[in-house]
Amino acid sequence: MIEMIVDRVQVSLMSQHRLVVLRDVDEERYLPIWIGQFESEAITLELQGMARERPLTHDLLKSTIQEMGGSVRHIHINNLSKDVFFAVINIDAAGDTIEIDARPSDAIALAVRLSAPIYVDKSVMDRAGIRPDRNVEPEILGLADDLHERSEGGERVDESKLSAFADFVDTLNLEDLEDEE
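Here goes a summary of the coordinates provided.

Some thoughts on the pairing of strand E3 (residues 30-35)
So, step 1. Within E3, five of the six residues are buried, which leaves the element mostly enclosed by the surrounding structure.
So, step 2. Bridging between strand E2 (residues 18-24) and E3 involves six bridges; their strand directions are antiparallel. Note on E3: the bridge partner recorded for Val21 is Pro32.
So, step 3. Counting the residues that bridge the hairpin from E2 to E3 gives five residues.

As for the sheet that holds strand E7 (residues 118-120)
So, step 1. Across the sheet, which stays open at both edges, the seven strands sit in the order E3-E2-E1-E7-E4-E5-E6 with mixed pairing between neighbours. Because the sheet does not close on itself, it has two edges, and the strands there are E3 and strand E6 (96-102). Put simply, the sheet's adjacent strands are angled 35° from each other on average, direction ignored.
So, step 2. Of the strand pairs in this sheet, strand E4 (residues 70-81) and strand E5 (residues 84-93) are connected by ten bridges, and their pairing is antiparallel. Each bridged residue has a counterpart across the sheet, and for His76 the counterpart in E5 is Val88.
So, step 3. Against the sheet, helix H2 (residues 57-67) touches E4 and E5, its axis set at about 130° to E4.
So, step 4. Its contacts with the sheet put helix H3 (residues 104-114) on strand E1 (2-11), E2, E3, E4, E5, E6 and E7, and the angle it makes with E4 is roughly 150°.

With respect to the nonpolar core
So, step 1. Core analysis: the largest hydrophobic core is formed by 32 residues, its most contacted members being Leu22, Leu31, Ile77 and Ile108.
So, step 2. If one sorts the elements of this core by residue count, H3 sits on top with six residues.
So, step 3. Discounting chain neighbours no more than four positions away, the residues touching Ile108 are Val6, Val20, Leu22, Ile43, Ile75, Ile77 and Ile118.

What counts as what
Residues numbered from 1 in each chain as written. Predicted model: local features only at pLDDT ≥ 70, side-chain atom pairs only at ≥ 80, totals over all residues. Heavy atoms only, no water. Buried < 20%, exposed > 50% of the residue type's maximum accessible area, 1.4 Å probe, protein only. Helix = DSSP H or I, 4+ residues; strand = E, 2+ residues; numbered from the N terminus. Pairing = 2+ DSSP bridges. Axes fitted to C-alpha atoms, helices over the stretch in contact; angles between N-to-C directions. Contact = heavy atoms within 4.5 Å. Core = buried A, V, L, I, M, F, W, Y, C linked by side-chain atoms within 4.5 Å.

Here is the structure:
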């Protein structure tokens, strides 16, 4: 298992898709995971230390585990199948270890609330981890392509079909617009 931390939560300005980017604590490797809006907000609110009037679902889960005498030992992103990540929450309860199946986004939201370690299976990192190119800005991490080349349904967009739009934009003369005012 590889220990990770939450590096950041990103939002695509083009599509409003969100992803959480985990960073290996020992190497310059990243794991981007597409997540939902509510989970991204839950993670971001906690990372920024923003107070909430009422508990969110992840706060409720945290309180429930603690009130029942348990503690989260760690979360483990343990599988990747057909582009879907899987995770478990490892809970210590009365000396027993309980593994609860969870979406990675929910497990991460809980982990940041409890400062619990986040681990990723080596096989998952080998398949989906990213090492940034030294000549590329670290923020890009190869994710810009995914953010801009996917349609609403998640499938890749054939950029050759967009060439007519690119040609149109390239021929626009913005000075003509100023003359009309």
